[in-house]
Amino acid sequence: MKQTSHQFNENVARALAEPTLKVALDRTTTLLRTRRAKVIDAFPQYAKARETAQKIKDHTLDHLGHYLRQFEENAKANGAQVHWAATPEDARQIVSDICRAQNAKTATRVKSMLGEEIGIAQALSDAGVERVETDLAEHIIQLADDPPSHIVMPAMHKTHEQVAELFAQKHKDPGDQQDIPSLVESARRELRPKFMNADISISGANFLIADTGSFVTITNEGNAELTTTPPKTHIVTVGIEKMVPSLKHAAVFIRLLSRAAIGTEITQYTTFYNGPKRDGDRDGPENLHIVLVDNHRSDMLSDFLRPMLRCIRCGACMNHCPVYAAVGGHAYGAVYPGPMGSVLTPAMTGLKGSKDLPNACTLNGRCKEVCPVNIPLPDMLRSLRARQFESGMVTPKARWSLKLWAMLATRPALYHFGTSVANMMLRVLARGRGKISAVPLAGGWTRTRDLPQPEAGTFMQQYRKQKR
Amino acid sequence: MTNNDGPHVGFFVTCIVDSMRPNIGFASLKLLEDAGCTVEVPTAQTCCGQPAFNSGDDATTKAIAKQVIEAFEPFGYVVVPSGSCASMIRSHYGELFADDPAWQSRQKALSAKTWEVLSFLTDVMKYTPSATYQGTATYHDSCSGLRDLGVHDQPRALLAHVQGLSVVPLEGNNECCGFGGTFCVKYPELSTAVVTDKTTKIKATQADTLLGGDMGCLMNMAGKLSREGREMRVFHTIEVLADMADGPGICAPRLK
Ligand code: SF4
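Residues numbered from 1 in each chain as written. Chains lettered and ligands numbered in written order. Predicted model: local features only at pLDDT ≥ 70, side-chain atom pairs only at ≥ 80, totals over all residues. Heavy atoms only, no water.

- Named according to an unreviewed UniProt entry, chain B is Cysteine-rich domain-containing protein originating from Roseobacter denitrificans.

- If you look chain A up in an unreviewed UniProt entry, it shows as 4Fe-4S binding domain protein, putative from Roseobacter denitrificans.

Encoded structure:
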């Protein structure tokens, strides 16, 4: 997708002017918040599991090189081919080379954000391969020619009414517009025939398991299994941080993932892949390619952003973010939206083109609270602001007002004089009405909100008077 | 009238309370003294440094933090009528002095003795207020107090002692109101969208009063309610507890 984080404010304005978007976001975020709260309450060992998960990830990241080598060895022993991609370009090259070598015409794809990150659609079109998205929400946005707006629910920005309209235009047999199950059936009728005839399947992986060389996909639709079984070749593209040492460790995350993501105790399908089709197997791919992608992850390892590599892509942080709930994922203008995206985007594509992302956050801390692996997202966003400040990326206006304020705040006497003047001026503006509806230089506030009339005299003035 | 055996408290007034609503400061002093503390307000204080901190200007924040450390070193406790400013001192000052051993121990001592006022009254002073307020209130939990300091049950426990007051739950009581310090200035449209969600939920409670523990958030919600034409009394919890909520609420017309 085309990154538009540099025009964040325009994106926000567009999102706020779109009334249906808010309806769609409210419906889904409210539902997900309620459901998550319920299953977490019903999971007595939650705090313990979260702590264990954090420890496992931190340990794995401390020894990532070791586990990656172990994974590669075991995956090869299982019969898979392992590729290393330092950049998205490398990953695209590897994927399109495999497609060409197989003379592939069509590929079914099961949703993976990493695929989005490396631009898998581009890789396939470079190789002249027709891409079929098999995840329901991905199918919807492929029809609508939209980028995803959420990492778990890519079509979160659409209401079911909009989906019904879209199907009516694009599906042969669009189903009953009023009935959601009937819409799902319609998509199923469109997609089913395509599964069996694809030459290539492309998936991501939720976890890589070092000591067995296997990987895991977790879905609710069963489309991963349907996608990856019939074609002759299966390509997995996955970030190197998805590593866990063993099956036992993966289980800890599997218990957390769907609870955090969609508020269910478990998802419908959890599949462990252990190499290509073996002799005697009735089905499965003959060739299995695993593409391990770095794309700045190893830079993050040695940085204050390291805890971000614990992320299991559950999306809970965005479901609970007030900014995300107001404008949705497209406003962030990047592959990964919401709080985790505001950390990942600058890390992956640079702070310059995404300078609003770490700033457009109230630092309310809810994202960190709901994160199943306890990633300190607000702290990292603030550290990114400090990095911006150090490298002079702050606007002259902001720098100037900060300087003026700092000059006062470090001189108490001057500061108290300043606040008493401001207090008096605001009272003049309020003219005794208790509120002020327009303040020069504070137009952003008073365009939509009143400002209270301050009491007569600052606390310090009154306190001093009493003491005398 | 102060009890000299009680804790020696340095009161940190916060910049918004100082310049916008001193009543919150005086209500705090009243309750702290009533609870048996000796309270002083050091005049060398300005602001806790959040605007600089949240803007990434760590050098300025550090200079301000040093000033706060010096001003409050003589006290047994530092009490703050805002979860956000208390949390700044308690939970975030440490980040500034991680590489500065000379100041680190002084900072740690300050952080350890700093309390948000409502939790100080309950958790440390085991205080029971006696106040009267006629109305139905709903309570918004401001983010830093709630998540950094665990202020949730304390205000509710204190308010349960207020005669004439009933408290009704607020849906999304733990969701941000969109104030976020400099956020509301830098992204006014986003901030407005978030506070609009909040006021919709506040209005749905049918309460006549909105209470909270942070003047920044209260100012944001009161300002939006006022612009929407909603007559609602908005007070800091401490004003109600100190029986000092008889004047106009935040953003309400002045009494003649
Ligand atoms: S940062 Fe945490 S909450 Fe957000 S997607 Fe990653 S694991 Fe989930």
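### Description of the overall build of chain B
Working step 1: If you tally the helices and strands in chain B, you get 13 helices and eight strands.
Working step 2: At 18 Å, chain B has a C-alpha radius of gyration in line with the 18 Å of a compact globule built from 256 residues.
Working step 3: Judged by the C-alpha coordinates and their principal axes, chain B covers about 55 × 45 × 35 Å.
Working step 4: Within chain B, buried positions represent 64% of all 256 residues.
Working step 5: Contacts in chain B between residues at least 24 apart in sequence constitute 78% of all its contacts with a sequence separation of at least 6.
Working step 6: Of the accessible surface of chain B, which amounts to about 8900 Å², a share of 51% is contributed by carbon and sulfur atoms.
Working step 7: Measuring between centres, the 21 positive side-chain charges of chain B sit 4 Å from its 28 negative side-chain charges. (Helix = DSSP H or I, 4+ residues; strand = E, 2+ residues; numbered from the N terminus. Rg over C-alpha atoms; globule rule 2.2 N^0.38 Å. Buried < 20%, exposed > 50% of the residue type's maximum accessible area, 1.4 Å probe, protein only. Contact = heavy atoms within 4.5 Å. Areas by Shrake-Rupley, 256 points an atom, 1.4 Å probe, with all protein chains shown as cover. Lys, Arg positive; Asp, Glu negative; His and termini not counted. Charge placed at Lys NZ, Arg CZ, Asp CG, Glu CD.)

### Remarks on the domain arrangement of chain A
Residue and element names in this part refer to chain A.
Working step 1: Taken as a whole, chain A is organised into domain 1 (1-42 + 314-394), domain 2 (53-129 + 199-295) and domain 3 (398-465).
Working step 2: Computed over C-alpha atoms only, the centres of domain 1 and domain 2 are separated by 26 Å.
Working step 3: Across the contact, 14 residues belong to domain 1 and 17 residues belong to domain 2.
Working step 4: Summing both partners gives a buried area of about 1400 Å² for domain 1 against domain 2, and 61% of it is carried by carbon and sulfur.
Working step 5: If you look at where domain 1 meets domain 2, you find zero salt bridges.
Working step 6: The interface formed by domain 1 and domain 2 contains four residue pairs in polar contact (both at pLDDT 80 or more). (Domains from an automatic or database assignment. Buried area = accessible area lost by both parts, 1.4 Å probe. Salt bridge = Lys/Arg side-chain N within 4 Å of Asp/Glu carboxyl O. Polar contact = N/O pair within 3.5 Å; in protein donor to acceptor, adjacent residues only side chain to side chain.)

### Digging into the site of the ligand
Working step 1: In the neighbourhood of the ligand, 15 residues make up the surrounding shell, with A:Cys311, A:Cys314, A:Gly315, A:Cys317 and A:Cys371 lying closest.
Working step 2: When grouped by side-chain class, the residues that make up the shell around the ligand number 13 nonpolar, one polar and one charged. (Near = heavy atom within 4 Å. Nonpolar A, V, L, I, M, F, W, Y, C, P; charged D, E, K, R; others polar.)

### Overview of the domain arrangement of chain B
Residue and element names in this part refer to chain B.
Working step 1: We note that the domain assignment places domain 1 (8-122) and domain 2 (130-241) within chain B.
Working step 2: Relative to domain 2, the C-alpha centre of domain 1 lies at a distance of 22 Å.
Working step 3: Both faces combined, the contact of domain 1 with domain 2 buries some 1900 Å², and carbon together with sulfur accounts for 72% of it.
Working step 4: Summed over the shared surface of domain 1 and domain 2, the result is one salt bridge.
Working step 5: Between Glu239 and Arg21 there is a salt bridge, with the nearest N and O atoms lying 2.9 Å from each other.
Working step 6: The interface formed by domain 1 and domain 2 contains seven residue pairs in polar contact (both at pLDDT 80 or more).
Working step 7: Mapped onto the side of domain 1 that touches domain 2, the elements with two or more residues apiece are helix H1 (15-20), helix H2 (22-34), helix H3 (50-54), helix H5 (83-96) and helix H7 (117-124).
Working step 8: If one sorts the elements of the side of domain 1 that touches domain 2 by residue count, H5 sits on top with seven residues.

### Quick look at the UniProt feature "domain: Cysteine-rich" (unreviewed entry) in chain B
Residues and elements named next belong to chain B.
Working step 1: Within the UniProt annotation, "domain: Cysteine-rich" (unreviewed entry) is assigned to residues 9-90 and 138-221.
Working step 2: Taken end to end, residues 9-90 is 57% helix and 12% strand, and its first and last C-alpha atoms sit 16 Å apart.
Working step 3: Between the C-alpha atoms that bound residues 138-221 there is a distance of 13 Å. The span itself is 50% helix and 15% strand. (UniProt positions renumbered as here; feature names shortened; annotations may be inferred.)

### Some thoughts on the nonpolar core
Working step 1: Formed by 96 residues in total, the largest nonpolar core has its most connected members in A:Phe207, A:Ile290, A:Met308, A:Met340, A:Leu377 and B:Leu190.
Working step 2: A per-element tally of this core places helix H12 (residues 247-262) of chain A first, with nine residues.
Working step 3: Once you skip the residues sitting within four places of it in the chain, B:Leu190 turns out to touch A:Phe8, A:Val12, A:Leu16, A:Val323, A:Val327, A:Ala360 and B:Phe183.
Working step 4: Formed by 66 residues, the second largest nonpolar core is a distinct cluster that contains B:Leu121, B:Tyr127, B:Cys184 and B:Ala245. (Core = buried A, V, L, I, M, F, W, Y, C linked by side-chain atoms within 4.5 Å.)

### Some points on the interface of chain B and chain A
Working step 1: Between chain B and chain A, the residue contacts involve 68 residues of the former and 63 residues of the latter.
Working step 2: Counting the surface lost from both chain B and chain A, the interface buries some 5400 Å², and carbon and sulfur atoms represent 60% of this.
Working step 3: Broken down residue by residue, the surface that chain B buries against chain A is led by B:Tyr187, B:Arg227 and B:Arg254, which jointly contribute 12%.
Working step 4: Here chain B is connected to chain A by six salt bridges.
Working step 5: Close ionic contact of B:Glu189 with A:Arg447 constitutes a salt bridge, the shortest N to O distance being 2.9 Å.
Working step 6: Counting across the chain B and chain A interface gives 29 residue pairs in polar contact (both at pLDDT 80 or more).
Working step 7: At nine residues, the largest contribution of residues to the side of chain B that touches chain A is made by helix H11 (residues 188-204) of chain B.

### A look at the sheet that holds strand E2 (residues 106-109) of chain A
Residues and elements named next belong to chain A.
Working step 1: If you trace the six strands from one edge of the open sheet to the other, you get E1-E10-E7-E4-E2-E3, paired in parallel fashion. Of all strands in the sheet, those bounded by a partner on one side alone are strand E1 (81-85) and strand E3 (130-133). Going across the sheet, the axis of each strand differs from the next one's by a mean of 20 degrees, ignoring polarity.
Working step 2: Where E1 and strand E10 (residues 287-293) come together, five bridges link them in parallel fashion. Looking at the pairing, Trp84 lines up with Leu292 of E10.
Working step 3: Of the strands in this sheet, E1 and E10 are in contact with helix H4 (residues 64-77), which crosses E1 at around 145 degrees.
Working step 4: Sheet strands touched by helix H8 (residues 136-144): E2 and E3. Its angle to E3, the strand with the most contacts, is close to 130 degrees. (Pairing = 2+ DSSP bridges. Axes fitted to C-alpha atoms, helices over the stretch in contact; angles between N-to-C directions.)

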